[in-house]
Amino acid sequence: MRKQTLAIGTGSLGAIGILAGLLVFGLVLSSSGGDGFAAGLGIVFAFIYVLVGVIAMAEAGALYVFTRNREPGQWSVRLLGLGAATGAIATILLVGSMLPSLASAVVGEPVSVGSSATEYAFGVGVWLTPVGIASSGLGVGCSVVSELRRSGDSA
């Protein structure tokens, strides 16, 4: 049951990441009309949020699908769980690093929490994303190999 809870939580956080990216995209277009370097940079950040959200949802989906009706090997479950957990953490860090800027835009005055903290959170979130992709990919690979071995043994 814990695996499905992790998958549902990670998928939900992935959806939040996608919504955050779309929100940033909308704010960039409404404030600058999409022109200029700052607008381009904002759109890049929006794309990163959406991409990490989609990846987190894919990691959650892989965990859910491969553990729902079958009992994969121990390493498969560990790798798939690690991939989903890193996807969730990456999304939390990326969206969390955006919250002070979003609060500033909503309130209309600067909200400071320390730029180094938000930069660090953003960087760690970006670097955790490939770790989650690799872990989930290895978990899927282990699950497929395990299924092929089982079907080969029963034949």
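Parameters at a glance
- Residues numbered from 1 in each chain as written.
- Predicted model: local features only at pLDDT ≥ 70, side-chain atom pairs only at ≥ 80, totals over all residues.
- Heavy atoms only, no water.
- Helix = DSSP H or I, 4+ residues; strand = E, 2+ residues; numbered from the N terminus.
- Buried < 20%, exposed > 50% of the residue type's maximum accessible area, 1.4 Å probe, protein only.
- Contact = heavy atoms within 4.5 Å.
- Areas by Shrake-Rupley, 256 points an atom, 1.4 Å probe, with all protein chains shown as cover.
- Lys, Arg positive; Asp, Glu negative; His and termini not counted.
- Charge placed at Lys NZ, Arg CZ, Asp CG, Glu CD.
- UniProt positions renumbered as here; feature names shortened; annotations may be inferred.
- Core = buried A, V, L, I, M, F, W, Y, C linked by side-chain atoms within 4.5 Å.

Here the focus is the overall build of the chain. When its secondary structure is counted, the chain shows 4 helices and 0 strands. Counted from the first residue to the last, the chain has its helices and strands arranged as α-α-α-α. Overall size of the chain, expressed as C-alpha extent along the three principal axes, is 65 × 30 × 20 Å. For the chain, the residues scored as buried account for 35% of the 155 residues in total. Pairs at least 24 apart in sequence give 83% of the contacts found in the chain among residues at least 6 apart. Put simply, the chain shows about 8900 Å² of open surface, and 71% of that area lies on carbon and sulfur atoms. If the 7 positive side-chain charges of the chain are averaged to one point and the 7 negative ones to another, these points end up 19 Å apart.

Attention now moves to the environment of Gly83. Looking at where Gly83 falls in the secondary structure, it is placed in helix H3 (residues 74–107). According to the relative accessible area criterion, Gly83 is buried, its value standing at 0%. For the pair Gly83 and Gly132, spaced 49 residues apart in the sequence, the C-alpha separation amounts to 3.9 Å. Other than its neighbours up to four places away in sequence, Gly83 contacts Glu59, Gly132, Ser135 and Ser136.

Turning next to the UniProt feature "transmembrane region" (unreviewed entry) in the chain. Per the UniProt record, "transmembrane region" (unreviewed entry) is found at residues 7–29, 41–67, 79–100 and 120–145. Annotated as residues 7–29, this span is 100% helix and 0% strand, and its ends, taken at the C-alpha atoms, are 33 Å apart. Secondary structure over residues 120–145 splits into 100% helix and 0% strand, and the C-alpha atoms at its two ends are 38 Å apart.

Take the nonpolar core next. Grouped together as the largest cluster of nonpolar side chains are 13 residues, with contacts concentrated most on Val24, Tyr49, Leu94 and Met98. For this core, the secondary structure elements donating two or more residues are helix H1 (2–32), helix H2 (37–68) and H3. Those residues in contact with Met98 that lie beyond four places of it in its chain are Ala20, Val24 and Tyr49. Listed in part, the 6 residues of the second largest apolar core include Ala7, Ala62, Leu63 and Phe66.

You can see Ser136 is positioned in helix H4 (residues 115–154). When residues no more than four places from it in sequence are discounted, the contact partners of Ser136 are Glu59, Leu79, Leu80, Gly83 and Ala84.

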